[in-house]
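Residue-level listing of the chains:
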Amino acid sequence: MKAKSTPTHVHLETFGCQMNEYDSELVRSLLKQDGFVFTDERERADVILMNTCAIRENAHNKVYKHLSELKKLKRQRPLVVGVLGCMAQNLKEELTDIQPLVDVLAGPDAYRQLPMLIRSAMLSQVEGLNQKELAVDLSEYETYHDIVPDRNDGVNAWIAVMRGCDNFCSFCVVPYTRGRERSRVPEGIVQEARRIAEQGFKQITLLGQNVNSYRFGDWDFARLITAVADVPGIERVRFTSPHPKDFPLSLLEAVVSHPNICKQIHLPLQSGSDRILSLMNRTYTNKEYRALVDRIRTLRADIVLSTDLICGFCGESDAEFAETYRLVEEIRFHSAFIFKYSERKNTIAARKLSDDVSEPVKTDRVTRLFDLQRNISYERNREYLETTIPVLVEGDAKRSAAQGMGKSDGNITVIWDKCAISSQPGDMVSLAIYDASSTTLYAARPPVN
Ligand code: SAH
Ligand code: SF4
Ligand code: F3S
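About the criteria used
Residues numbered from 1 in each chain as written. Chains lettered and ligands numbered in written order. Predicted model: local features only at pLDDT ≥ 70, side-chain atom pairs only at ≥ 80, totals over all residues. Heavy atoms only, no water. Core = buried A, V, L, I, M, F, W, Y, C linked by side-chain atoms within 4.5 Å. Buried < 20%, exposed > 50% of the residue type's maximum accessible area, 1.4 Å probe, protein only. Helix = DSSP H or I, 4+ residues; strand = E, 2+ residues; numbered from the N terminus. Contact = heavy atoms within 4.5 Å. Domains from an automatic or database assignment. Buried area = accessible area lost by both parts, 1.4 Å probe. Salt bridge = Lys/Arg side-chain N within 4 Å of Asp/Glu carboxyl O. Polar contact = N/O pair within 3.5 Å; in protein donor to acceptor, adjacent residues only side chain to side chain. Pairing = 2+ DSSP bridges.

If you look at the biggest cluster of nonpolar residues, it comprises 57 residues, and the most contacted ones within it are V161, L206, F221, I225, F239 and I265. The dominant element in this core, judged by the number of residues it contributes, is helix α8 (residues 221-229), at seven residues. Setting aside residues no more than four positions away along its own chain, F239 makes contact with T205, L206, V211, F221, I225, F247, V255, Q264 and I265. The next biggest cluster of nonpolar side chains, apart from the first, holds 28 residues, and it includes L12, M19, A106 and I147.

With that out of the way, let us pick up the domain arrangement of the chain. With domains assigned, the chain is organised as domain 1 (9-135), domain 2 (156-382) and domain 3 (388-444). The gap between the C-alpha centroids of domain 1 and domain 2 is 29 Å. Counting from both sides, the interface comprises 20 residues of domain 1 and, opposite them, 24 residues of domain 2. Roughly 1,800 Å² is buried in total at the junction of domain 1 and domain 2, and carbon and sulfur atoms are behind 52% of that figure. Contact with domain 2 buries surface across domain 1, with M19, Y22 and R56 losing the most and accounting together for 34% of the total. At the boundary of domain 1 with domain 2, the tally comes to four salt bridges. Here D23 makes a salt bridge to R163, at a shortest N to O gap of 2.9 Å. The interface formed by domain 1 and domain 2 contains nine residue pairs in polar contact (both at pLDDT 80 or more). Those elements that provide at least two residues to the side of domain 1 that touches domain 2 are α1 (18-33), α2 (57-76) and α3 (85-90). No other element matches the eight residues that α1 contributes to the side of domain 1 that touches domain 2.

The next subject is the pairing of strand β18 (residues 403-408). Along β18, five of the six residues are buried, which leaves the element largely enclosed by surrounding structure. Pairing of β18 with strand β19 (residues 413-417) involves five bridges; the strand directions are antiparallel. By the bridge assignment for β19, G404 is matched with W416. From the end of β18 to the start of β19, which pair antiparallel, there are four residues, and N411 there has a positive phi angle of about 75°.

Below is the structure:
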């Protein structure tokens, strides 16, 4: 144990969705306020925290793998291990059984207690008690509205505008790990957007498990996103993840008409079969979803649409999968996240339905849908050839520091040679697209007329 004056070093690893990224920024802020110091190196840390995701089996496995790596570290020196986030909430019993690895468990609504939980766990280790510290109560009110997140550097800042989900899609664990829907005070959100602009961020992404069901008094999501987009200095506003059921015309009009709101909508479809959609409790039909896409495209033909799809949900027949395939072929999304159904404990599907599509059939369906979508994405991206588009510069390309990387308004990755185009992160540049793959647009300096 360190002397009292030596600060406690914390290493935080984040898994899962953007909401978890944001929550990790909240956790950093809460712990720094309390005197904790953060380190990027596991080896230097007195406390290792994992902010976890429970959405699918492979998300779980990833966390278990990381946890088992900590066993060795923990044998070598005093170390407090904490599991935060959705797995902590959902798998309290299972996780505390991994004796004696996990010392602290804190669910998504319990982060204010974290400094106290960590100190108690450290003390208990010194005393040789090795007691576990648990805080997994869900709250109907917690929005962390008064906590200024300790933001990651970059061009984008996240703001969680609502938390929780009341939709209870039958496959999904989120309503159990994140609790009931609650929206944050709008004035506080707009104030935070102003502060973000002053700090030099160029883009804000509004977050919520069900972001477009935001409601606070007279404020709905259309009003909120417009107010955020009106903040001077913010060039782009995005939002994720919306549900198709909450797209009134006012929201569509806000998106298509406000110059600072990106012309991009993520519209999770999940399945093209009405029977499966109903078993999933998605509350829309194939026809209604298609009508929404038509309404959006009538307002703005060049809008970029992406989606989420699940293959092999309980009882999905070949014919029902074919309906999904056909709808994807017909709608031609710009991109899609395609998942194998993964049964989650305690969900409605786990309790009432049978996970009866075999693993090879799930794999085959995912592969077929993936191949279809890759071709569509390729063709969609090639529609940008020989056009000049505004690109928000983010930094270096992942593969090579000799290349710059940014995003189009539609959130498509754009790459260019830095020796041909010089730019700084945060710059908005006009670039000519000369090549495209299914995932990336390749840009050059636009020709001078
Ligand atoms: N709140 C968001 C999505 C959250 S999870 C929404 O409703 O759109 C992101 C995606 O993970 C979902 O859209 C769904 O496609 C997928 N997903 C969720 N639970 C899953 C499960 N049990 N098995 C496979 N995919 C799942
Ligand atoms: Fe899960 Fe459905 Fe809520 Fe999305 S809307 S988080 S898929 S329950
Ligand atoms: Fe995962 Fe929880 Fe997000 S389950 S996807 S981290 S809301």
